[in-house]
Amino acid sequence: MSEAYSHRPRLYLRNPSFLLGATLTAIFVGLALVSLVWTPADIARLNVSARLLPPSPQNWLGTDHYGRDLLSMIMVGARTSIAVALIAVGVGMVIGVPLGLWAAARRGGWIDELIMRFNDLVFAFPALLLAIMITAVFGPGAVNAIVAIGIFNIPVFARLARAGALSLWTRDFIMAARVAGKGAVRISIEHILPNIANLLIVQATIQFSLGILAEAGLSYVGLGAQPPLASWGRMLADSQTMIALAPQLALIPGLAIVLTVLGLNLLGDGLRDLTDPRMEAARR
C-alpha cells in the first residue's frame, strides 16, 4: 500500500494532460484569488480619455472603450466566472449525490422511479436554455445564474451517483456490511460514497468547465452578473461593436474562457486516467 502511494506523485507528474490542465486552472484561479485583494486598477472608474490604449507598463493588456484596465477586468471576470461555476457545481453535488445514493438504495421502488423521472424532465431542456428561462423569470444577476446552473447539475450528479452505487450494491463487502446490521444510509455513507468519490471529482471538473461556459453565455445575453461586476461574457458582449476597431477587446476575454475551459477539461481527463483502475496496467 505504501509503495503504491509513494509512486502517486510521480504518476501525476508523468501525466501531460493533468500537468497542463492543472497549470492552466491554477493560473486563472490564482488571478481570481489575487483580485480579491488587489487589481492593477479600479474597474468601477471610467476614464474615457484613456480609452482603447495599447498595452503599456501602466496597462499591461491595454484599456477598453471606457478606459478601464483590461487586465483588471480579466482578473475580476475570472473571480466572477469561477465563483458562479464553483458554487453551482457545489449545489449540484450537495443535492444530486444524496438523491442518486437514495435512488440506488431504493432501486426499483417508487423513490428511484420518481428521482429518475425528475432527471429526465430536467434533461429534456438544453442546459443553457433552461438557465436562460430561469434567469429570465426571476431576473438577471449572479445569484440567479448560480441557481439556474446548479439546477441542471443536480440530475447530472444524481445519475452518476446512482449508476456508481448500483454497481457496488451487489459486491461482497456491501453484503458483509448488510449482514453486520448496517442500514442503507450508513452503507451509502461509509462504503458507497468513498468508492465513487473519484468518479464524482472527475465529473465535477467537467461540470465546472460547463458552468463557466454557461455563466459566460448568460452574461453575454445580459442575464448573468450585472455591472459594475466584471464578467467575461459581458466583456464579449460589450466588444461586439468594437471588433473592427479593437479586436483585442473580444480576443482577450474569449481566450480567457477558452484556456480556462481547456484547462479544466484536461485536468478532468488527467484525473480520470490516474484514478481509473483499468489504466493501472498501462501506467506501469
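A brief look at the structure comes next. (Residues numbered from 1 in each chain as written. Predicted model: local features only at pLDDT ≥ 70, side-chain atom pairs only at ≥ 80, totals over all residues. Heavy atoms only, no water.)

Glancing now at the overall build of the chain. Along the backbone of the chain there are twelve helices and zero strands. In sequence order, the chain lays out its α and β elements as α-α-α-α-α-α-α-α-α-α-α-α. Each principal axis of the C-alpha distribution contributes one length, and for the chain these read about 75 × 50 × 30 Å. The buried share among the 284 residues of the chain stands at 45%. Sequence-distant contacts, at least 24 apart, represent 69% of the contacts inside the chain between residues at least 6 apart. If you sum the accessible surface of the chain, you get close to 14700 Å²; carbon and sulfur atoms cover 69% of it. (Helix = DSSP H or I, 4+ residues; strand = E, 2+ residues; numbered from the N terminus. Buried < 20%, exposed > 50% of the residue type's maximum accessible area, 1.4 Å probe, protein only. Contact = heavy atoms within 4.5 Å. Areas by Shrake-Rupley, 256 points an atom, 1.4 Å probe, with all protein chains shown as cover.)

A few words on the pattern of salt bridges. Scanning all chains against the criterion turns up nine salt bridges. A salt bridge links D64 to R68; the nearest nitrogen and oxygen atoms lie 2.9 Å apart. Residue D64 shares its accessibility class with R68, and that shared class is buried. It is possible to trace a salt-bridge network through shared partners that takes in E113, R117, D120 and R159. (Salt bridge = Lys/Arg side-chain N within 4 Å of Asp/Glu carboxyl O.)

In a pair of packed helices, the angle between the axes and the distance between the axes together describe the arrangement. Between helix 7 (residues 142–166) and helix 9 (residues 184–220), the least distance of the axes is 10 Å, while the angle of their chain directions is 155°. Classified by the angle their axes make, helix 7 and helix 9 are roughly antiparallel. Note on packing geometry: the crossing formed by helix 7 with helix 9 is right-handed. Every residue of helix 9 that contacts helix 7 at A145, I149, N153, V156, F157, L160, A161, G164 and A165 is listed here: I192, I196, L199, L200, Q203, A204, Q207, G211, A214, E215 and L218. Among the residues forming the contact of helix 7 with helix 9, the class breakdown is 14 nonpolar, five polar and one charged. (Axes fitted to C-alpha atoms, helices over the stretch in contact; angles between N-to-C directions. Parallel < 35°, antiparallel > 145°, perpendicular 65-115°, else oblique. Left-handed = near helix turned anticlockwise from the far one by under 90°. Nonpolar A, V, L, I, M, F, W, Y, C, P; charged D, E, K, R; others polar.)

All right, on to the packing of aromatic side chains then. All chains considered together, the criterion is met by two aromatic pairs. Aromatic pair F28 and W232: ring centres 5.9 Å apart, planes at 80°, arrangement edge-to-face. Note that F28 is positioned in helix 3 (residues 16–35) and W232 in helix 10 (residues 232–238), a separation of 204 residues in sequence. Both residues of the pair, F28 and W232, belong to the buried class. When the centroid spacing of 5.7 Å and the interplanar angle of 85° are considered together, the rings of F123 and F152 count as edge-to-face. Separated by 29 residues along the polypeptide, F123 in helix 5 (residues 110–123) and F152 in helix 7 bring together distant segments of the chain. With relative accessibility at 17%, the residue F152 sits in the buried group. (Phe/Tyr/Trp six-rings, centres within 6.5 Å; stacked < 30°, edge-to-face > 60°.)

This part takes up the nonpolar core. The biggest cluster of nonpolar side chains holds 41 residues, and the ones touching the most others in it are W169, I192, I196, F208, I212 and W232. Elements represented by at least two residues in this core include exactly helix 3, helix 4 (70–105), helix 7, helix 8 (172–179), helix 9, helix 10 and helix 11 (248–275). With twelve residues, the top contributor of residues to this core is helix 4. Beyond its immediate chain neighbours, meaning those up to four positions away, I196 contacts L101, A161, G164, A165 and L168. Membership of the second largest hydrophobic core comes to 15 residues, among which are I134, A145, F152 and L218. (Core = buried A, V, L, I, M, F, W, Y, C linked by side-chain atoms within 4.5 Å.)

Here we come to the side chain of S17. Summarising the element assignment, S17 is placed in helix 3. Taking the relative accessible area as the measure of exposure, S17 reaches 18% and is therefore buried. In terms of polar contacts, S17 uses its side chain to reach the backbone carbonyl oxygen of L266, at 2.7 Å. Non-local contacts of S17, meaning those with residues more than four positions away in its chain, are made with L266, L267, D269 and G270. (Polar contact = N/O pair within 3.5 Å; in protein donor to acceptor, adjacent residues only side chain to side chain.)

Before going further, it helps to examine unusual backbone geometry. A cis geometry characterises the amide bond from P227 onward to P228, with omega recorded as 10°. Relative to the assigned elements, P228 resides in the loop between helix 9 and helix 10. Residues other than glycine seldom take positive phi values, yet L52 does so here, at roughly 55°. Within the secondary structure, L52 sits in the loop between helix 3 and helix 4. With a relative accessible area of 21%, L52 lands in the partly exposed category.

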